[in-house]
Amino acid sequence: MPGDGAKVPAPLSAETAAPAAAPEEELVPDRPVAAEPFAGSPARRWAGGADAIELPEATAVGGVPAAEIRAALKRTKEFLVAANLDRDVLHGAEPSRALDLLDPLMGEFITEVRTSLEKPTEENDPVWLFTRFDRDEVRLAGEVVKVRGRMEVTEGEQGVPRIHADYTFVYPLVRAGGGREVARTVVRRVLDVDVLHGPGWEHTEGTLWLYEYNADIANDACDEHDGFIHPQFLTDPDPHAGPAPTGPESDPYDRSRPIENLAEGECGVASRT
């Protein structure tokens, strides 16, 4: 229950289209603590966990039957859950289930993804596809990760159906050693999945062909490239340690805008988490 008699706001209905603007700022935002990890956040009104990823109604697209579209939507959700909500993965484990869902015929891409997990670098860091924290530094606060977003299916190149998934995940975290203070990391992920069907396309049935992906991560150390997200806490000994932010300020809760890719070497500033 919220402290000081505060009421829990009414939950939002599912997102069916891009919102027109960012959610309003709270006039007097609360400081999140372990008992109320989403205090002061728009995510208080969001649904939580895998159930928040709702699938649109499947219809035939580009000559691909509705049943095939429905199966691809389900696999896309499975990937999002395995890559961003699996508790072991969030605490640093290899995202085995998510990897198994990717079509091995993507070849060099699969090799690069596996290499990023084994030997992460600034140019090839798995956090741009998978959400992973160093369990020696932080743990999830409570059982809920808040999620908001949507999926839609359009017709891409050569009539191939393309699933566009756009979801924001809000992770409340406490230090691994315990404590009441919560730091939130906000991760927005955009995936485009091609639904290959029939003998005209070389693909592996029952897997995902990832056409493109992008991400925006708010509250992550800019100078760490070890395969983990490193959130900062307000009471860190030096919360401003590391490289000074050089990128633009943005609101990670603003789902009305597309993800803005930073220039190489830039470190963006989150207006809130």
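Residues numbered from 1 in each chain as written. Predicted model: local features only at pLDDT ≥ 70, side-chain atom pairs only at ≥ 80, totals over all residues. Heavy atoms only, no water.

As a further point, take the overall build of the chain. Each helix and strand in the chain was counted, giving four helices and eight strands. Ordering the α and β elements of the chain from the N terminus gives β-α-α-α-α-β-β-β-β-β-β-β. Computed over the C-alpha atoms, the radius of gyration of the chain is 19 Å, within 12% of the 19 Å expected from 2.2 N^0.38 for a compact globule of 273 residues. The dimensions of the chain, computed from C-alpha atoms along their principal axes, are 60 × 45 × 30 Å. Relative to its full complement of 273 residues, the chain shows a buried share of 45%. In the chain, the proportion of contacts linking residues at least 24 apart, taken out of those at least 6 apart, comes to 66%. If you sum the accessible surface of the chain, you get close to 14000 Å²; carbon and sulfur atoms cover 49% of it. (Helix = DSSP H or I, 4+ residues; strand = E, 2+ residues; numbered from the N terminus. Rg over C-alpha atoms; globule rule 2.2 N^0.38 Å. Buried < 20%, exposed > 50% of the residue type's maximum accessible area, 1.4 Å probe, protein only. Contact = heavy atoms within 4.5 Å. Areas by Shrake-Rupley, 256 points an atom, 1.4 Å probe, with all protein chains shown as cover.)

Attention shifts here to the environment of L73. Here L73 is to be found in helix α1 (residues 66-84). Separated by 92 residues in sequence, L73 and A165 place their C-alpha atoms 9.3 Å apart. Ignoring anything within four residues of it in the chain, the contact list for L73 reads L55, P56, A58, M151, V153 and I163.

When you line up the elements, E94 lands in the loop between α2 (87-90) and α3 (96-101). For E94, a relative accessible area of 45% translates into the label partly exposed. Taking the C-alpha atoms as reference points, E94 and E118, 24 residues apart in sequence, are found 9.4 Å from one another. Ignoring anything within four residues of it in the chain, the contact list for E94 reads V89, L99, R114 and L117.

For the structure shown, the criterion picks out 13 salt bridges. R255 is the partner of E15 in a salt bridge, and the nearest nitrogen-oxygen pair spans 2.8 Å. With E15 in the segment before β1 (47-48) and R255 in the loop between β7 (249-250) and β8 (269-270), this residue pair connects regions lying 240 residues apart in the sequence. Among the salt bridges present, the one from D166 reaches R188, with a minimum N-O distance of 2.8 Å. One end of the pair, D166, is in strand β4 (residues 161-175); the other, R188, is in strand β5 (residues 183-194), with 22 residues separating them in the sequence. The class of R188 is buried, set by a relative accessible area of 5%. Put simply, E15, R148, R150, D166, R188 and R255 are held in one network by salt bridges that share partners. (Salt bridge = Lys/Arg side-chain N within 4 Å of Asp/Glu carboxyl O.)

This part takes up the environment of A21. As for its placement among the helices and strands, A21 is situated in the segment before β1. Setting aside chain neighbours within four positions, we find A21 in contact with D254 and S256.

Quick look at the side chain of H230 now. Positionally, H230 belongs in the loop between β6 (209-218) and β7. Side-chain polar atoms of H230 contact the side chain of E137, separated by 2.7 Å. Sequence-distant contacts of H230, that is, excluding residues within four places in its chain, are made with D134, E137, N219, D220, A221 and E224. (Polar contact = N/O pair within 3.5 Å; in protein donor to acceptor, adjacent residues only side chain to side chain.)

This is a description of form; function is not addressed.
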